[in-house]
Amino acid sequence: MNTEAALQAPHRTSPGTGRSGLVLPGILVLLGIYLSVGVITMEVPDGAKQPGPKFFPILIIVAIFVLSALLTVQLVRTPEPVAADRQDYRSYSDWKTVALVAAGFLAFALLLVPAGWLISASLLFWTVAFALGSKNRARDLGIAVVFASAIQLAFGAALGLNLPSGILEGLIG
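Residues numbered from 1 in each chain as written. Predicted model: local features only at pLDDT ≥ 70, side-chain atom pairs only at ≥ 80, totals over all residues. Heavy atoms only, no water.

Novice: Is there a simple way to think about the overall build of the chain in this case?
Specialist: Scanning the chain from N- to C-terminus turns up 7 helices and 0 strands. When burial is assessed residue by residue, the chain has 23% of its 173 residues classed as buried. Long-range pairs, those at least 24 residues apart, make up 68% of the contacts in the chain between residues at least 6 apart in sequence. Summed over all atoms, the accessible surface of the chain reaches about 12,000 Å², with 69% contributed by carbon and sulfur. (Helix = DSSP H or I, 4+ residues; strand = E, 2+ residues; numbered from the N terminus. Buried < 20%, exposed > 50% of the residue type's maximum accessible area, 1.4 Å probe, protein only. Contact = heavy atoms within 4.5 Å. Areas by Shrake-Rupley, 256 points an atom, 1.4 Å probe, with all protein chains shown as cover.)

Here it is in structure tokens:
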């Protein structure tokens with residue numbers, strides 16, 4: 001039986017079959033709980049500007065819980081079809097992409113202080129776009145620089161936090 005025919009005739013042996021994707025919302029909930037504990041125990045100085053250092057982490061926590069709830073609802077309502085012939089796999093691991101993204105994160109971590117946020121974040125964003133298959137490298141680099149610059153400005157202007165300037169210290173510091 002070919003893969004397409006096997007997927008059109010789903011075979012379920014138990015109510016939990018086809019719901020292995022619920023692992024991801026579970027991990028997201030655990031991450032949200034971990035971050036919530038961190039925000040609750042965060043000590044905020046009395047002179048902190050509004051909206052304060054808890055504002056963005058709280059937005060991220062809310063987004064994590066909303067996303068995990070939406071994923072859970074989707075996976076419970078429409079579980080993945082399970083092929084009758086379980087030896088036909090529909091997916092595979094793209095280790096080249098994983099390696100490129102991991103290399104981008106490693107380069108970002110190693111370059112953040114000496115090169116600065118703008119250069120290291122631009123390199124990270126460009127590397128992820130390249131790893132995910134984008135072909136227009138010049139456009140991707142431009143978007144990466146604009147995105148990294150916007151984040152640098154948001155942290156500096158809105159939150160009063162300075163990201164590392166690195167070798168561009170005199171220009172953007």
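Let us keep going from here.
Novice: In this structure, what is going on with the packing of helix H5 (residues 117-131) against helix H6 (residues 137-158)? I would like to understand it.
Specialist: For any two helices packed against each other, one specifies the inter-axial angle together with the distance between the axes. For the pair H5 and H6, the least separation of the axes is 8 Å and the interaxial angle reads 135 degrees. In terms of orientation, H5 and H6 fall into the oblique class. Crossing handedness for the pair H5 and H6: right-handed. Within the contact between the two elements, H5 uses Trp117, Leu118, Ala121, Ser122, Phe125, Trp126, Ala129 and Phe130 and H6 uses Arg137, Asp140, Leu141, Ala144, Val145, Phe147, Ala148, Ser149, Ile151 and Gln152. Of the residues that constitute the contact of H5 with H6, the class distribution is 13 nonpolar, 3 polar and 2 charged. (Axes fitted to C-alpha atoms, helices over the stretch in contact; angles between N-to-C directions. Parallel < 35°, antiparallel > 145°, perpendicular 65-115°, else oblique. Left-handed = near helix turned anticlockwise from the far one by under 90°. Nonpolar A, V, L, I, M, F, W, Y, C, P; charged D, E, K, R; others polar.)

Novice: Just checking my understanding: could you explain the side chain of threonine 97 for this structure?
Specialist: Residue position: threonine 97 is located in helix H4 (residues 95-115). With near-sequence residues (within four places) excluded, threonine 97 lies in contact with Ala131 and Leu132.

Geometric values such as these leave the question of function open.
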